[in-house]
Amino acid sequence: MKWSEIGLIILALAAVAGLFSVVTGGQETIEGEDGVPEETNPLMLIERDFAEICCGTGFRDVPSASADTIVKSMDLLDTISVHQANLYITRTLRSHGFGHVVTYRVPDRGLSFLCHTPDGEPMRFELNDTSR
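The rules behind each value
Residues numbered from 1 in each chain as written. Predicted model: local features only at pLDDT ≥ 70, side-chain atom pairs only at ≥ 80, totals over all residues. Heavy atoms only, no water. Core = buried A, V, L, I, M, F, W, Y, C linked by side-chain atoms within 4.5 Å. Buried < 20%, exposed > 50% of the residue type's maximum accessible area, 1.4 Å probe, protein only. Helix = DSSP H or I, 4+ residues; strand = E, 2+ residues; numbered from the N terminus. Salt bridge = Lys/Arg side-chain N within 4 Å of Asp/Glu carboxyl O. Axes fitted to C-alpha atoms, helices over the stretch in contact; angles between N-to-C directions. Parallel < 35°, antiparallel > 145°, perpendicular 65-115°, else oblique. Left-handed = near helix turned anticlockwise from the far one by under 90°. Contact = heavy atoms within 4.5 Å.

## A word on the nonpolar core
Inference 1: Formed by 19 residues in total, the largest nonpolar core has its most connected members in Phe50, Met74, Ile89, Leu93, Phe125 and Leu127.
Inference 2: Elements that contribute at least two residues to this core include exactly α2 (42-50), β1 (54-61), β2 (70-76), α3 (82-95), β4 (110-116) and β5 (122-128).
Inference 3: Per-element accounting of this core gives the leading share, four residues, to α3.

Here it is in structure tokens:
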């Protein structure tokens, strides 16, 4: 064999190895410390964090006034005040990249948080104070 033939064989092997690494590299998943894939959807992460102060297993979908706004409802635990929940939710929204616009106090209901998702979609979280 000549040196040029050996070079072509090495080049072909490198091309096959590169193709293999590109094909298998796209199937990686982000895993946490315990080996379980981590969630990357900001809405799912928010729901998991809000579970610390809210009753139930997750958000309830609420028909919205405008078609482009996502509305989620949740009930506040009896052991947490509305003021503590306001601070907790505002900080959690900011930590997950949601753009908090304003919080309204809804008489005889609770709080309504107007914000934008990290993708810029309008969103409203309704916190119902069930202790009344």
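## Concerning unusual backbone geometry
Inference 1: Of note in this structure, aspartate 108 is not a glycine but carries a positive phi near 60°.
Inference 2: In this fold, aspartate 108 is placed in the loop between β3 (99-106) and β4.
Inference 3: By relative accessible area, which is 67% here, aspartate 108 ends up exposed.

## As for the pattern of salt bridges
Inference 1: Inspection of every chain in the model, using the stated rule, returns two salt bridges.
Inference 2: Across the pair arginine 109 and glutamate 126 runs a salt bridge, and its minimum N-O distance is 3.8 Å. Of this pair, arginine 109 sits in the loop between β3 and β4 while glutamate 126 is found in strand β5, placing the two residues 17 residues apart along the sequence.
Inference 3: Its relative accessible area of 41% is what places arginine 109 among the partly exposed residues.
Inference 4: Note that arginine 124 and glutamate 126 form a salt bridge whose closest N and O atoms lie 2.9 Å from each other. Note on accessibility: arginine 124 and glutamate 126 belong to one class, buried.
Inference 5: Within this structure, Arg109, Arg124 and Glu126 form a network of salt bridges that share partners.

## A few points about the packing of α2 against α3
Inference 1: Running from amino to carboxyl end, α2 crosses α3 at an angle of 155°, the nearest separation of the two axes being 10 Å. Overall, the two elements α2 and α3 adopt an arrangement that is roughly antiparallel. Between α2 and α3 the crossing geometry is right-handed. Contacts from Ile46, Asp49 and Phe50 of α2 reach α3 at Tyr88, Ile89, Thr92 and Leu93.

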